[in-house]
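Understanding the architecture of this molecule
Residues per chain, in single letters:
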Amino acid sequence: MSTGTRDLTDTVVAVTGATAGIGRAAARLLVAAGARVALLGRREERLAELVTELGAENVLTVAGDVADPEVNRRLVAAAVARWGRLDSMVANAGIGSYGGIMDMTDDEILIMSGTNFLGTVWSIRAAVPVMREAGGGDLVIMSSVAGLRGGAIEAVYAATKFAQVGLAGSVDRELRAEGIRVTTLCPAAVSTEFAIGAGRNEGDAWLEDVLTAEDVAAAVVATLQQPRRLRTQLWALRSMAEES
């Protein structure tokens, strides 16, 4: 009996925060699944590397800051101009920093909030008009288990992740009837460049026991491959070695 799993061949997926970690891994797995990907990131050299690796026929890139609404509109416009459509937006860009409530500077807090929360808002707002016109699509928001229960050394970071979870729930209730699915992925610790130098250190032994970027990227692909008759609203992921 067929499960109705969606074939991603020739679908078009935009991914923010694509130059490292989960975003880069998602780009690779999506292309392997047959999708075309539009990638947003701040590091032009890494975007160029992905084009070389994955093929210019499969990838387009936009360099810029996800906290800028115009950059998000450029990403969506580039995907539509190249491939005529946008099926999915993966709002993945994010930054982290760990410490007490007084340990971050004012500027660091503003940058984190602009990237993690407002960047997600701008990505969604850029994608929704195109999806409405097409009659549906997928919005995948990369939050965190910190958005479900914040820890003692991550108050501001957790607040941005709680904001993403709240945003996703409201947008799901707003857009479901128009065929737009909203999924929030909430991974626990992931072994990536995330927060290195801001609460994490290169070579920390505990990073060997947590999720990999590919683990979470596989969840992105699985979400998009779900048959259109169902949706996963909230998905928390932890490694088997990590306590809840």
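See above for the structure.
Residues numbered from 1 in each chain as written. Predicted model: local features only at pLDDT ≥ 70, side-chain atom pairs only at ≥ 80, totals over all residues. Heavy atoms only, no water.

Some remarks on the pairing of strand β5 (residues 137-142)
Note the following rule: Buried residues are those whose accessible area, probed at 1.4 Å on protein chains only, stays under 20% of the maximum for their type, while exposed residues exceed 50% and partly exposed ones sit between those limits. Here a strand is any run of E in DSSP of at least two residues, a helix any run of H or I of at least four, and the numbering for each starts at the N terminus. Two strands pair under a simple rule: DSSP has to find at least two bridges between them. Call a crossover right-handed when, viewed with both strands pointing away from you, the route from the first strand across the helix to the second goes clockwise.
For β5, the buried fraction is high: six of the six residues fall into the buried class. Every second residue of β5 is oriented toward a common face, with Gly137, Leu139 and Ile141 on one face and Asp138, Val140 and Met142 on the other, all of them buried. As paired elements, strand β4 (residues 88-91) and β5 share four bridges and run parallel to each other. Of the residues in β5, the one forming a bridge with Ala91 is Ile141. As a crossover connection, the stretch from β4 through helix α4 (residues 106-134) into β5 is right-handed. Bridge count between β5 and strand β6 (residues 180-187): six bridges; the pairing is parallel. Pairing of Gly137 across the sheet is with Ile180, part of β6. Read from β5 through helix α5 (residues 155-175) to β6, the crossover connection turns out right-handed.

A few points about the packing of helix α1 (residues 21-32) against helix α6 (residues 213-225)
What counts is decided by this rule: To define axes, lines are fitted to C-alpha atoms, for helices over the stretch in contact only, and angles between the resulting N-to-C directions are given on a 0 to 180 degree scale. Roughly parallel covers angles under 35 degrees, roughly antiparallel covers those over 145, roughly perpendicular covers 65 to 115, and oblique covers all other angles. When the near helix sits turned anticlockwise from the far one by under a right angle, the crossing is termed left-handed; a clockwise turn instead gives a right-handed crossing. Only heavy atoms enter the contact rule, under which two residues are in contact if any of them lie within 4.5 Å. Three residue categories are used. Nonpolar comprises Ala, Val, Leu, Ile, Met, Phe, Trp, Tyr, Cys and Pro, charged comprises Asp, Glu, Lys and Arg, and polar comprises the others, including Gly.
For the pair α1 and α6, the least separation of the axes is 8 Å and the interaxial angle reads 50°. By the angle between their axes, α1 is oblique relative to α6. Taken as a pair, α1 and α6 cross one another with a handedness that is right-handed. Taken together, the residues of α6 that come into contact with α1 (itself represented by Gly21, Ile22, Ala25, Ala26, Leu29 and Leu30) are Ala213, Glu214, Val216, Ala217, Ala218, Val221 and Leu224. For the contact of α1 with α6, the per-class residue count stands at 11 nonpolar, one polar and one charged.

Description of α1
We apply this condition: What a helix should span is 1.5 Å times the count of its residues minus one.
For α1, built from 12 residues, the straight-helix expectation of 16 Å at 1.5 Å per residue is met to within 8% by its first-to-last C-alpha distance of 17 Å. Among the residues of α1, Gly21, Ile22, Gly23, Ala25, Ala26, Ala27, Leu30 and Val31 are the ones counted as buried. After α1 finishes, the residue Gly34 shows a positive phi value of roughly 105°.

Here we look at the pattern of salt bridges
Pairs may arise between side chains of opposite charge once their charged atoms sit close together. Stated precisely, the cut-off is as follows: Whenever a carboxyl oxygen of Asp or Glu lies within 4 Å of a side-chain nitrogen of Lys or Arg, that contact is scored as a salt bridge.
This structure, assessed with the given rule, holds 11 salt bridges. Note that Asp138 is salt-bridged to Arg6, the shortest N-O span being 3.7 Å. One end of the pair, Asp138, is in strand β5; the other, Arg6, is in the segment before β1 (12-16), and 132 residues separate them in sequence. A salt bridge links Glu242 to Arg238; the nearest nitrogen and oxygen atoms lie 3.5 Å apart. The exposure class assigned to Arg238 is partly exposed, which follows from its relative accessible area of 31%. Within the structure, one salt-bridge network assembled from shared partners comprises Arg6, Asp138, Arg181 and Arg228.

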